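One-letter residues, chain by chain:
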Amino acid sequence: MIEKIDINSYSKEINGLLEKEINLFFSTIPYAKHLAASDEPLNEAYYIRHRIETIKRIRLTAKTDALALSKMIDENYELARRWGKYTIQELNHDKMFLADLKAHHIAEAQVFTTPLFFATQNLITYLEESIHQYGSLPAVYYSLFVEWNADRYSKNVVEKAKIQYSSDHVKGAEAHVNFDDVHDHYQIILEIAHKLSHGDKTTFFILCDISKLFRDYFNELYCQTVLPSLPIQEAI
Ligand SMILES: [Fe+2]
């Protein structure tokens, strides 16, 4: 018998789980606090490569979001309406980050000729396979994970980059933070996830899988952009 919890308990359980996951991230992944921490300058190679991968991930998850929409139409048509609206908004967010990269003299062509990280490919493969297996929920949990983290950390990342570069360099990222706020993205996704999962906590393993794939991503980002330039004694 599945235990169904109401949205308030569901929300609390998710907060508790994602707090533990973020602590795991901070304690196990090198450089994990770098993007948002105000006590050290931003590593440009790390920051720019992260922005490039963010754009690539937005375009790739636009596809898994669409795959999830086709499943959700059968699962719950009313939720599919809300999900469809949300995913169309997300579909355009690549433009915001592309505009910021332009201020760093990085053209769109360079973004799309940069090879994808293995971790990002693994994330997309995981989403595709799990959507086929479980239905639309993994795509919704992916969005829940990124919106939860964006709510807590994106503002600090934008502030840090604005201080180091200029407000012109973060116009897109700033617009993105405001967009999520104004459109209440986290709350929308929380409600969709609660209804779709029937308030069943046993589905949270998908959130843990996604969190692990993001830890892999940040580890790869560190290995590609920071580690090679460190003297041996600092590379711990
Ligand atoms: Fe969003």
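Up top is the structure these notes are about.
Residues numbered from 1 in each chain as written. Predicted model: local features only at pLDDT ≥ 70, side-chain atom pairs only at ≥ 80, totals over all residues.

## Some points on the packing of helix H2 (residues 44–75) against helix H7 (residues 137–164)
Cut-off, in case you're wondering: Simply put, an axis is a line fit to the C-alpha atoms, just over the touching stretch for a helix, and the angle between two N-to-C directions goes from 0 to 180 degrees. By the criteria applied, helices consist of DSSP H or I runs no shorter than four residues and strands consist of E runs no shorter than two, each listed in order from the N terminus. What sets the label is the angle itself: under 35 degrees gives roughly parallel, over 145 gives roughly antiparallel, 65 to 115 gives roughly perpendicular, and the rest give oblique. A crossing counts as left-handed when the near helix is turned anticlockwise from the far one by less than a right angle, and as right-handed when that turn is clockwise. Residues are treated as contacting if the C-beta atoms built from their backbones sit within 7 Å of each other. All residues other than Ala, Val, Leu, Ile, Met, Phe, Trp, Tyr, Cys, Pro, Asp, Glu, Lys and Arg, Gly among them, are scored as polar; the first ten of these are nonpolar and the last four charged.
Interhelical geometry of H2 versus H7 gives an angle of 155 degrees and a closest axis separation of 13 Å. The angle between H2 and H7 places the two elements in the roughly antiparallel class. Considering only the axes of H2 and H7, their crossing is left-handed. Contacts between H2 and H7 involve Tyr 47, Thr 61, Thr 64, Asp 65 and Ala 68 on the former and, on the latter, Ala 139, Val 140, Tyr 142 and Ala 161. Taken together, the residues that form the contact of H2 with H7 break down as 6 nonpolar, 2 polar and 1 charged.

## Focus on the packing of H7 against helix H9 (residues 185–197)
Between H7 and H9, whose axes approach to 9 Å, the crossing angle comes to 150 degrees. Taken as axis vectors, H7 and H9 run roughly antiparallel relative to one another. For H7 against H9, the interelement crossing comes out left-handed. The segment H7 lies against H9, with Leu 137, Val 140, Tyr 141, Ser 143, Leu 144, Glu 147, Trp 148 and Asp 151 engaging His 185, Tyr 186, Ile 189, Leu 190, Ile 192, Ala 193, Leu 196 and Ser 197.

## Considerations on the nonpolar core
Using the following cut-off: Remark: nonpolar core denotes a set of buried Ala, Val, Leu, Ile, Met, Phe, Trp, Tyr and Cys residues whose joining runs through C-beta atoms within 7 Å. Here the C-beta atoms are placed from the backbone, and a residue counts as buried if at least 20 other C-beta atoms lie within 10 Å of its own, exposed if 12 or fewer do, and partly exposed otherwise.
Of all hydrophobic cores here, the largest spans 30 residues; its most connected members are Val 140, Tyr 141, Tyr 142, Leu 144, Phe 145, Ile 189 and Ala 193. Taken together, the elements giving at least two residues each to this core come down to H2, helix H3 (77–91), helix H6 (118–134), H7, H9 and helix H10 (205–225). The element best represented in this core is H7, accounting for 9 residues. With sequence-adjacent residues up to four places away left out, Tyr 141 is seen in contact with Ala 193, Ile 206, Leu 207 and Ile 210.

## Description of helix H8 (residues 171–182)
Note the following rule: Helix span, expected: 1.5 Å multiplied by one less than the number of residues in the helix. Working definition: the arc comes from the directions between the helix axis and the C-beta atoms, pointing outward to the latter.
Between its terminal C-alpha atoms H8 stretches 16 Å, which fits the 16 Å expected from 12 residues at 1.5 Å a residue. Those residues of H8 lying buried are Gly 172, Ala 173, His 176, Val 177 and Asp 180. Taken end-on, H8 shows its buried residues confined to a sector of 145 degrees, consistent with a single buried face. Projecting away from the buried face of H8 at angles above 90 degrees are the exposed residues Asn 178 and Val 182. On its buried side, H8 packs onto helix H4 (93–103), H7 and H9. A positive phi of about 55 degrees marks Asp 184, the residue just after H8.

## A look at the environment of Ser 166
One can find Ser 166 in the loop between H7 and H8. On a C-alpha basis, the gap between Ser 166 and Thr 54 in space is 20 Å, while along the polypeptide they are 112 residues apart.

## Details of unusual backbone geometry
Although it is not a glycine, His 105 adopts a positive phi angle of roughly 65 degrees. Note that His 105 resides in the loop between H4 and helix H5 (108–113). By C-beta crowding, His 105 is classed as exposed, having 7 other C-beta atoms within 10 Å. Despite not being glycine, His 198 has its phi angle at roughly 60 degrees, a positive value. Looking at the secondary structure, you find His 198 in the loop between H9 and H10.

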